[in-house]
Amino acid sequence: MTAIVQDRVTTREGVVFGTGGGRELRCDIYEPPAAVKNGIGILLIHGGGWSQGDRSQLKGYGVLLGRRGYTCIASEYRLTGEALWPAQIEDVKCAIRYVRANAAELGVDPDRLVISGNSAGGHLSLMAGGAGGVAGFEGSGGHADTSSNVAAVISFYPPTGLERRSWGGLPALFGKGAPEATLRGASPLTYATSSFPPTLLIHGNKDEVVPEAEATRMYEALNAAGVPVELHMFAGRPHGFDADPKLGRQCAEIMLSFMDRFVLGR
């Protein structure tokens, strides 16, 4: 199905990008107008505590960023009711490989792919950025001969240290009694080394679901490692604050500024 979204951003819905757990995995592709297309792809990863949500949640960013020239791909991943960790990161990495393998058709540079996610999707985006070489997270969903590396990471209000806190979604994500080593291996902080891609963190300091310290610790660890990293903290804002259209547009402008400097090199 193809539809025209306002300002001539074109969407292709339900495109198969790979398989997971024996079924097809799908994404929605937001194509920018030809006149402004800049050759940069952004993979959008939805939130929902790893247990709910779908790829349509980030349609607003797909349109906002598409209008500014970015090709956006909003992908699904298996939720906890279907599969335990690491199925979620396997599916995200499969989506990365799909975009890179089909870069010519999509009109994007495979080596300048950005990944952006919110909440659980923010966690998965950071994991994809930091754990690019971890074989146990690659899965077998498709395009095995393609790299799952990304050029930059954008993460909204993400859990970053899963071994330190009993997150509401953790028992469902890992199964009961998961060892600390598994939780640590699924924590973005574990991978905060000098090889981490440039990263943008966005959080609200009244987040009742994911404490602001999750973002500040990630910022401090990446900064100490010498990684180009920015943290934008919104005063008095709760979890998911960018659902407010005004704040969502402001976040999109922050994303654009970050990508201009660290991906487009302007």
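Residues numbered from 1 in each chain as written. Predicted model: local features only at pLDDT ≥ 70, side-chain atom pairs only at ≥ 80, totals over all residues. Heavy atoms only, no water.

### Looking at the overall build of the protein
Consideration 1: Secondary structure summary: the protein contains eight helices and nine strands in total.
Consideration 2: Scaling as 2.2 N^0.38, a compact globule of 266 residues should have a C-alpha radius of gyration of about 18 Å, and the protein matches this with 17 Å.
Consideration 3: Taken along its principal axes, the extent of the C-alpha atoms in the protein is 50 × 45 × 30 Å.
Consideration 4: Buried positions account for 54% of the 266 residues belonging to the protein.
Consideration 5: By sequence separation, contacts in the protein at least 24 residues apart represent 75% of the contacts at least 6 residues apart.
Consideration 6: Accessible surface computed for the protein: about 10,500 Å², of which carbon and sulfur atoms make up 49%. (Helix = DSSP H or I, 4+ residues; strand = E, 2+ residues; numbered from the N terminus. Rg over C-alpha atoms; globule rule 2.2 N^0.38 Å. Buried < 20%, exposed > 50% of the residue type's maximum accessible area, 1.4 Å probe, protein only. Contact = heavy atoms within 4.5 Å. Areas by Shrake-Rupley, 256 points an atom, 1.4 Å probe, with all protein chains shown as cover.)

### Considerations on the pattern of salt bridges
Consideration 1: Scanning the model with the defined rule gives 17 salt bridges in all.
Consideration 2: Lys37 serves as the salt-bridge partner of Glu31, at 3.1 Å between the closest nitrogen and oxygen.
Consideration 3: Note that Glu138 is salt-bridged to Lys93, the shortest N-O span being 3.1 Å. Of the two residues, Glu138 is situated in the loop between helix H4 (120–130) and strand E7 (152–156) and Lys93 in helix H2 (residues 87–101); the sequence distance between them amounts to 45 residues. Just as Glu138 is buried, Lys93 falls in that class too.
Consideration 4: Overlapping salt bridges, with partners in common, bring together Arg12, Glu31, Lys37 and Glu105 in one network. (Salt bridge = Lys/Arg side-chain N within 4 Å of Asp/Glu carboxyl O.)

### Thoughts on the pairing of strand E6 (residues 114–118)
Consideration 1: In terms of burial, E6 is a largely internal element, five of the five residues being buried.
Consideration 2: Side chains of E6 alternate between two faces, with Val114, Ser116 and Asn118 and Ile115 and Gly117 buried alike.
Consideration 3: Alignment of strand E4 (residues 41–45) against E6, held across four bridges, turns out to be parallel. By the bridge assignment for E6, Leu44 is matched with Ser116. (Pairing = 2+ DSSP bridges.)

### Observations regarding unusual backbone geometry
Consideration 1: A cis amide bond links Trp85 to the next residue, Pro86, at an omega of 15 degrees.
Consideration 2: As for its placement among the helices and strands, Pro86 is situated in the loop between strand E5 (71–75) and H2.
Consideration 3: Its identity is not glycine, yet Trp50 carries a phi of approximately 65 degrees, on the positive side.
Consideration 4: Counting through the fold element by element, Trp50 comes out in the loop between E4 and helix H1 (59–67).
Consideration 5: Residue Trp50 is classed as buried on the basis of its relative accessible area of 4%.

### Some remarks on the packing of aromatic side chains
Consideration 1: What the rule picks out here adds up to eight aromatic pairs.
Consideration 2: Ring centres 5.9 Å apart and planes at 70 degrees place the aromatic pair Phe156 and Tyr157 in the edge-to-face group.
Consideration 3: Given the relative accessible area of 0%, Phe156 is considered buried.
Consideration 4: Overall, the relative accessible area of 4% leaves Tyr157 in the buried class.
Consideration 5: With 6.0 Å between their ring centres and 65 degrees between their planes, Tyr157 and Phe241 make a pair best called edge-to-face. On the criterion of sequence distance, the pair formed by Tyr157 in the loop between E7 and helix H5 (170–174) and Phe241 in the loop between strand E9 (229–234) and helix H8 (245–262) is long-range, its members being 84 residues apart.
Consideration 6: Clustering of aromatic rings is evident, with ring pairs tying together Tyr61, Phe156, Tyr157, Phe234 and Phe241. (Phe/Tyr/Trp six-rings, centres within 6.5 Å; stacked < 30°, edge-to-face > 60°.)

### Some words on the packing of H1 against H8
Consideration 1: Relative orientation of the contacting elements H1 and H8 amounts to 50 degrees, with a least axis distance of 10 Å. Considering their axes alone, H1 and H8 lie oblique with respect to each other. Seen along the crossing, H1 lies across H8 with a hand that is right-handed. Facing Tyr61, Leu64 and Leu65 of H1, the residues of H8 in contact are Gly248, Arg249, Cys251, Ala252, Met255, Leu256 and Met259.
Consideration 2: In the contact of H1 with H8, the residues fall into eight nonpolar, one polar and one charged. (Axes fitted to C-alpha atoms, helices over the stretch in contact; angles between N-to-C directions. Parallel < 35°, antiparallel > 145°, perpendicular 65-115°, else oblique. Left-handed = near helix turned anticlockwise from the far one by under 90°. Nonpolar A, V, L, I, M, F, W, Y, C, P; charged D, E, K, R; others polar.)

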